[in-house]
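The lines below spell out each chain.
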Amino acid sequence: MAPSFCPPSRLLLGPGPCNTPPEVLEALSRPTIGHLDPAFLELMNELRERLGRLFGTKNQLTVPISATGSGGMQAVLANLIEPGDAVLVGIHGVFGMRFADCAERLGAKVTRVESDWGTPLDCKAMAAAAAGKSFKMIGAVHAETSTGVLLSADRIDTLRDAADQSGALLVLDTVTSLAGLPVELDARGVDATWSGTQKCLACPPGLSPISLSARAFEAIDQRTTPVSSWYFDLSMIGKYWGSERTYHHTAPINMLYALHEATDLVLTEGLDERFERHAAAARHLWKGLEELGLELLVEEPHRLFPLTAVRVPEGVDEARIRADLLDRFDIEIGGGLGPLAGKIWRIGLMGMNATTATADHLLNKLAKVLNE
Ligand SMILES: *Cc1c(COP(=O)(O)O)cnc(C)c1O
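No experiment lies behind these values; they were computed from the predicted model shown. (Residues numbered from 1 in each chain as written. Predicted model: local features only at pLDDT ≥ 70, side-chain atom pairs only at ≥ 80, totals over all residues. Heavy atoms only, no water.)

Let us now look at the pattern of salt bridges. It is possible for side chains of opposite charge to pair when their charged atoms get near one another. Under the definition given, this model contains 21 salt bridges. In this structure, Asp 164 and Arg 160 form a salt bridge, with 2.8 Å as the shortest nitrogen-oxygen distance. Remark: Arg 160 and Asp 164 occur in helix α6 (residues 153-165); sequence separation between them is 4 residues, near one turn of the helix. The partner of Arg 328 in a salt bridge is Glu 372, with the nearest N and O atoms 2.6 Å apart. Here Glu 372 lies in the segment after α13 (356-371) and Arg 328 lies in helix α12 (residues 318-329), a separation of 44 residues in the sequence. (Salt bridge = Lys/Arg side-chain N within 4 Å of Asp/Glu carboxyl O. Helix = DSSP H or I, 4+ residues; strand = E, 2+ residues; numbered from the N terminus.)

If you want it as structure tokens, here you go:
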């Protein structure tokens, strides 16, 4: 029988999802078993341990949430924030805005520190905003996929100091950094984070690895109101992933097979080797783009390796270029968001696509469509 839907074969070089390796796709198609099957419990234990290595943490609660990256954000923030809490969020792109919006909807009093899109977050301004005040949480985005800007380790350290001064938890969005850039939660003193599977992990979208420190759990214990989200109540989810194995919701079994396979590929390659591969592919891409006469949005020291933002040259119809790449060459790249809509392209070299050969293939086809 013919499949009911047959997707076209695309090279996914946008901000995510990226292509999924055949081993991971094959894992998805293995027979479904019960979510309390002893064999499955073994997979769960291995997954927690592997995600801990990817995140650089010994945190007890390091698990995949049954949701996309935004669902992981909702889960973490819904558990840590109570109505009326003061939250400080750094914003220089779409995902910082999303963070602030989510916190506000949970009843937080949000203070925003904004930096220009395409520039790094001004962490001194964050520290100044926190000085002498008490905050429940200081938050930022580690890898801002809407602009291609990194929050460097020294900037995270500045935020950690500010959090210590104001008694706050430090919370980072690591959706685009996990498995593509060093995350190192414990070394940086990050209290809580969420990520996604469809970026540098090269797994289909649908799961959000998260991690919470003991300090974050204390904050949950001290809540005076119950977590408003039943589905995302981490105390209950922790009981399913912990030794109690109490049923909460049916785990997305086959997705977890896929994540198990994807983390296996990451750790077999080696984290440092994988980071180096992402870096080499990105540097190769940057050089090639500049040789085509294109200008990059972000200054080199602040650039992300997995995601590069390129300025659309004067007089070029950016949507036509993206449509041509897709229609003629089966290549997907991303456009700009918010104030950068129509002004940039976003090129992702993530997971299995982070190679110089893939960068060359794109550069070749991009040159073709630009010249016509
Ligand atoms: C993609 C992305 C998200 C959202 O993840 P979804 O899986 O689309 O919900 C959040 N933050 C960042 C930095 C992202 O790149």
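Okay, the site of the ligand next. In the region of the ligand, 13 residues are neighbours, and Thr 68, Ser 70, Thr 145, Asp 173 and Lys 199 sit closest. For the ligand, an oxygen atom lies 2.4 Å from a polar atom in the side chain of Thr 145. A total of 380 Å² of accessible area belongs to the ligand in isolation, and the protein chains cover 88% of it. Among the elements of the structure, α3 (69-80) and α4 (94-105) are those that each provide at least two residues to the shell around the ligand. Taken together, the residues of the shell around the ligand break down into 4 nonpolar, 6 polar and 3 charged. (Near = heavy atom within 4 Å. Polar contact = N/O pair within 3.5 Å; in protein donor to acceptor, adjacent residues only side chain to side chain. Areas by Shrake-Rupley, 256 points an atom, 1.4 Å probe, with all protein chains shown as cover. Nonpolar A, V, L, I, M, F, W, Y, C, P; charged D, E, K, R; others polar.)

Turning to the domain arrangement of the protein, a few remarks are in order. Under the domain assignment, the protein is made up of domain 1 (11-16 + 271-371) and domain 2 (22-266). Computed over C-alpha atoms only, the centres of domain 1 and domain 2 are separated by 27 Å. Facing 24 residues of domain 1, the contacting portion of domain 2 comprises 26 residues. With both sides pooled, the region where domain 1 packs onto domain 2 buries about 2,000 Å², and carbon together with sulfur makes up 71% of that total. At the boundary of domain 1 and domain 2, one finds 0 salt bridges. Applying the counting criterion to the domain 1 and domain 2 interface returns 5 residue pairs in polar contact (both at pLDDT 80 or more). At the level of secondary structure, the elements contributing two or more residues to the side of domain 1 that touches domain 2 comprise α11 (271-291), β11 (307-311) and β14 (344-348). In terms of residues, the side of domain 1 that touches domain 2 owes the most to one element, α11, which gives 4 residues. A class-by-class count of the residues in the side of domain 1 that touches domain 2 yields 16 nonpolar, 5 polar and 3 charged. (Domains from an automatic or database assignment. Contact = heavy atoms within 4.5 Å. Buried area = accessible area lost by both parts, 1.4 Å probe.)

This paragraph deals with helix α9 (residues 234-241). Looking at α9, one finds that the buried residues are Leu 234, Ile 237, Gly 238, Tyr 240 and Trp 241. Projected down its long axis, α9 carries its buried residues within an arc of 155°, all on one side. Buried-residue contacts for α9 involve α2 (38-55), β2 (61-65), α3, β10 (208-212) and α10 (253-269). Between the side-chain oxygen of the N-cap and the backbone nitrogen of Ser 235 there are 2.9 Å, and the N-cap of α9 in question is Asp 233. (Buried < 20%, exposed > 50% of the residue type's maximum accessible area, 1.4 Å probe, protein only. Arc of directions from axis to C-beta.)

What follows covers the pairing of strand β4 (residues 109-114). As paired elements, strand β3 (residues 86-91) and β4 share 6 bridges and run parallel to each other. The residue of β4 that forms the bridge with Gly 90 is Val 113. (Pairing = 2+ DSSP bridges.)

Quick look at the packing of aromatic side chains now. For any pair of aromatic rings, geometry is given as the distance between the ring centres together with the angle between the planes. One pass over the structure, following the stated rule, counts 5 aromatic pairs. Relative to Trp 194, the ring of Phe 99 lies with its centre 5.1 Å away and its plane at 65°, an arrangement referred to as edge-to-face. In this pair, Phe 99 is assigned in helix α4 and Trp 194 in strand β9 (residues 192-194), connecting sequence segments 95 residues apart. Pair check on accessibility: Phe 99 and Trp 194 agree, each one buried. With 5.7 Å between their ring centres and 20° between their planes, Trp 286 and Phe 305 make a pair best called stacked. One end of the pair, Trp 286, is in helix α11; the other, Phe 305, is in the loop between α11 and β11, and 19 residues separate them in sequence. The class of Trp 286 is buried, set by a relative accessible area of 4%. (Phe/Tyr/Trp six-rings, centres within 6.5 Å; stacked < 30°, edge-to-face > 60°.)

The strands making up a sheet associate through hydrogen bonds between their backbones, and the pairing can be parallel or antiparallel. Here we have 7 strands laid out as an open sheet, ordered β2-β10-β9-β8-β5-β3-β4, and mixed in their pairing. Only two strands of the sheet have a single neighbouring strand rather than two, namely β2 and β4. The mean angle between the axes of side-by-side strands here comes to 15°, regardless of whether they run parallel or antiparallel. Relative to strand β5 (residues 137-141), β3 runs parallel, the two sharing 3 bridges. Along β5, the bridge assignment pairs Leu 88 with Ile 138. In this fold α4 packs onto β3, β4, β5, β8 (169-173) and β9, with an angle of close to 165° to the strand it touches most, β3. Each of β3, β4 and β5 is contacted by helix α5 (residues 123-130), which is oriented at about 165° to β3, the strand it contacts most. (Axes fitted to C-alpha atoms, helices over the stretch in contact; angles between N-to-C directions.)

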